[in-house]
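# Topology and contacts: notes
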Amino acid sequence: MTTPLAAIILAAGKGTRMKSDRHKVLHPIAGRPMLMHLLASVGELAPARQVVVVGSGRDQLEAALGGAAELTVQEPQLGTGHAVQQAETPLAGFEGDVLILYGDVPLVSAETMRRMIERLHAPDAPAVVVLAFEPEDTLRYGRVIAEGDRIVKMVEHKDATEEERAVRLCNSGLMAARAGDLFALLARVGNNNAAGEYYLVDIVNIASADGRPCAVVTTDPYEVAGVNSRAELAALEGAWQARRRAQAMADGVTLIAPETVWFAHDTVLGRDVTIEPNVFFGPGARVADRVTIRANCHIEGAVIGAGCEIGPFARLRPGTVLGEKAKIGNFVETKKAVLGAGAKANHLTYLGDAEVGAGANIGAGTITCNYDGYFKYKTVIGERAFIGSNSALVAPVSIGAEAIVGAGSTVTKDVGEGELRLVRPEQSAKPGWATRFHEAMARKKRGA
């Protein structure tokens, strides 16, 4: 693409059906806000400018975008055409192509956007390119009346005749046009319609009346699915997950119960990975080849090396890095923990802010006590060290290579290489005491 590109993203809707204090376009799909899904796709086309048209919730969008796009306000909100007009001032002097997108239509691909721009530059030089689709239920959508890929007429559903409503090709709302054409056409849009609003689609009818061709590009309904309610958000999440699961299996991953595995937008999986039921991936998970993830695990922000075994019922939190063939067992939680090759924490353990050497064994019930209520501290465990069950390692502390910490120890000082550390009170025995106690309590209960 040699012509400069700008993207106008409409996000001024109040989102009242979401019943949320969070801006509608910031609700996540696969762990990423809808708006960020869209911006990631736009980013593949290297746009020169990005303008987000907002209404309420501007502060939330400014914080989320962090300067990645310009914001402009639509107030009052008088329709989609009026919304796009608000980008005219931010784009003053821009002479390239413009994509018009919607923040609550997050999954349109970069390839589809590219096809729209390519059609805009076809030899017949259409004034506007419209993205259309054929949904199962056409009742809510405006219609695209076309001959081939040339548009004859655009009409909103509420203004369409019965014959026009019988047409299955529907308007997604997404369009492409040259900046000069776009704003010149918008200036001529009126609001003489059932809603008294300025419709973006009218630019197509105005251009057609001027004798200028307009074209339609079609796509799968999945790409232009919008979100206006929590139910629609869940439905689109489900559709995204179904596609991601299918892709994972096509790439060589075994999913025992695919419908129970949930991926994040950036989950990376190697070959010959096996995932048992009820596994959830949050953002930032990377899984190498030949890993087995057993049932009921939660994995986020973790890097898992080749041949590792995880779970069941394990939780890997951000900052976890597992070396080759490390093992994390049932009811183990890790956070900012780096485990070397072959290290094992098989059950009932918390490893936080820890470095565990290759081949080390962490016994059941071990806790790295990393937080004093104000600051976090690090625990370092050397290679081939053995930590006995029910041990508390009070950070900052270091356990040397091949050291042994006896079961039930609370370790507050460094342990040297090859050292045995036992921290237990001396045991005392009182023969017959328990028998006498039981007899006394039995007499008391009888009232003797």
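Residues numbered from 1 in each chain as written. Predicted model: local features only at pLDDT ≥ 70, side-chain atom pairs only at ≥ 80, totals over all residues. Heavy atoms only, no water.

### Structural notes on the overall build of the protein chain
Counting its secondary structure elements, the protein chain contains nine helices and 33 strands. In terms of C-alpha radius of gyration, the protein chain reaches 31 Å, well past the compact-globule figure of 22 Å for 448 residues. Taken over the C-alpha atoms alone, the protein chain extends approximately 105 × 60 × 40 Å along its principal axes. Looking at the 448 residues of the protein chain, the share that counts as buried comes to 47%. Within the protein chain, counting contacts between residues at least 6 apart in sequence, those at least 24 apart form 43% of the total. Across the protein chain, 48 positive and 51 negative side-chain charges occur, with their mean positions spaced 11 Å apart. (Helix = DSSP H or I, 4+ residues; strand = E, 2+ residues; numbered from the N terminus. Rg over C-alpha atoms; globule rule 2.2 N^0.38 Å. Buried < 20%, exposed > 50% of the residue type's maximum accessible area, 1.4 Å probe, protein only. Contact = heavy atoms within 4.5 Å. Lys, Arg positive; Asp, Glu negative; His and termini not counted. Charge placed at Lys NZ, Arg CZ, Asp CG, Glu CD.)

### Here's the deal with the state of the cysteines
For the structure on display, the rule yields zero disulfides. Considering cysteine sulfurs only, Cys214 is the nearest to Cys170, which forms no disulfide, with 18 Å between them. Free of any disulfide, Cys297 has its nearest neighbouring cysteine sulfur in Cys308, separated by 12 Å. (Disulfide = S-S within 2.5 Å.)

### Overview of unusual backbone geometry
Cis geometry marks the peptide bond from Glu75 to Pro76, where omega comes out at 0 degrees. By secondary structure assignment, the location of Pro76 is in the loop between β5 (70–73) and α3 (80–85). Following Ala395, the chain continues to Pro396 via a peptide bond in cis, the omega torsion being 5 degrees. With respect to the helices, strands and loops of the structure, Pro396 is situated in the loop between β29 (392–394) and β30 (397–399). Backbone geometry places Ala46, a non-glycine residue, at a positive phi of 50 degrees. With respect to the helices and strands, the residue Ala46 is situated in the loop between α1 (34–43) and β4 (49–54). Of note, the phi angle at Arg384 is positive, near 60 degrees, even though the residue is not glycine. Along the polypeptide, Arg384 turns up in the loop between β27 (379–381) and β28 (386–387). Its relative accessible area of 46% is what places Arg384 among the partly exposed residues.

### Focus on the environment of Thr16
Residue placement: Thr16 occurs in the loop between β1 (5–11) and β2 (28–29). Taking C-alpha positions, Thr16 is 8.3 Å from Ser229, a pair spaced 213 residues apart along the chain.

### Description of the pattern of salt bridges
According to the stated counting rule, one finds 23 salt bridges in the structure shown. Among the ionic pairs, Asp124 bridges to Arg119, the shortest N-O distance being 2.8 Å. Connected through shared salt-bridge partners, Arg119, Asp124, Asp149 and Arg150 make up one network. (Salt bridge = Lys/Arg side-chain N within 4 Å of Asp/Glu carboxyl O.)

### A few points about the packing of α1 against helix α2 (residues 58–65)
Geometrically, a packed helix pair is captured by the angle between its two axes and the distance between the axes. Where α1 meets α2, the axes come as close as 11 Å, and the angle between the chain directions of the two elements is 45 degrees. On the basis of their axis angle, the class for α1 and α2 is oblique. Like other packed secondary-structure pairs, α1 and α2 cross with a definite hand, here right-handed. Residues Leu35, Met36 and Leu39 of α1 touch α2, and the partners they reach there are Leu61, Ala64 and Leu65. Across the contact of α1 with α2, the residue classes tally to six nonpolar, no polar and no charged. (Axes fitted to C-alpha atoms, helices over the stretch in contact; angles between N-to-C directions. Parallel < 35°, antiparallel > 145°, perpendicular 65-115°, else oblique. Left-handed = near helix turned anticlockwise from the far one by under 90°. Nonpolar A, V, L, I, M, F, W, Y, C, P; charged D, E, K, R; others polar.)

### Focus on the nonpolar core
Counting 74 residues, the largest nonpolar core has Ile8, Met175, Leu182 and Ile203 as its most contacted members. Among the elements that make up this core, the one with the highest residue count is β1 (seven residues). Those residues in contact with Met175 that lie beyond four places of it in its chain are Val98, Leu99, Ile100, Met116, Val128, Val129, Val130, Met154, Leu200, Val201, Ile203 and Val204. One finds Met18, Ala285, Ala337 and Val405 within the second-largest nonpolar core, a separate group that totals 55 residues. (Core = buried A, V, L, I, M, F, W, Y, C linked by side-chain atoms within 4.5 Å.)

### Examining the packing of aromatic side chains
Counting across every chain of the model gives four aromatic pairs. Both rings, one in Phe133 and one in Tyr141, keep their centres 5.0 Å apart while their planes meet at 85 degrees; by these two values the pair is edge-to-face. With a relative accessible area of 3%, Phe133 lands in the buried category. Taking 5.0 Å as the distance between ring centres and 10 degrees as the angle between the ring planes, the aromatic pair formed by Phe313 and Phe331 counts as stacked. Separated by 18 residues along the polypeptide, Phe313 in the loop between β20 (309–310) and β21 (315–316) and Phe331 in strand β23 (residues 327–339) bring together distant segments of the chain. Note on Phe313: relative accessible area 41%, which makes it partly exposed. Overall, Phe331 belongs to the partly exposed group, its relative accessible area being 48%. (Phe/Tyr/Trp six-rings, centres within 6.5 Å; stacked < 30°, edge-to-face > 60°.)

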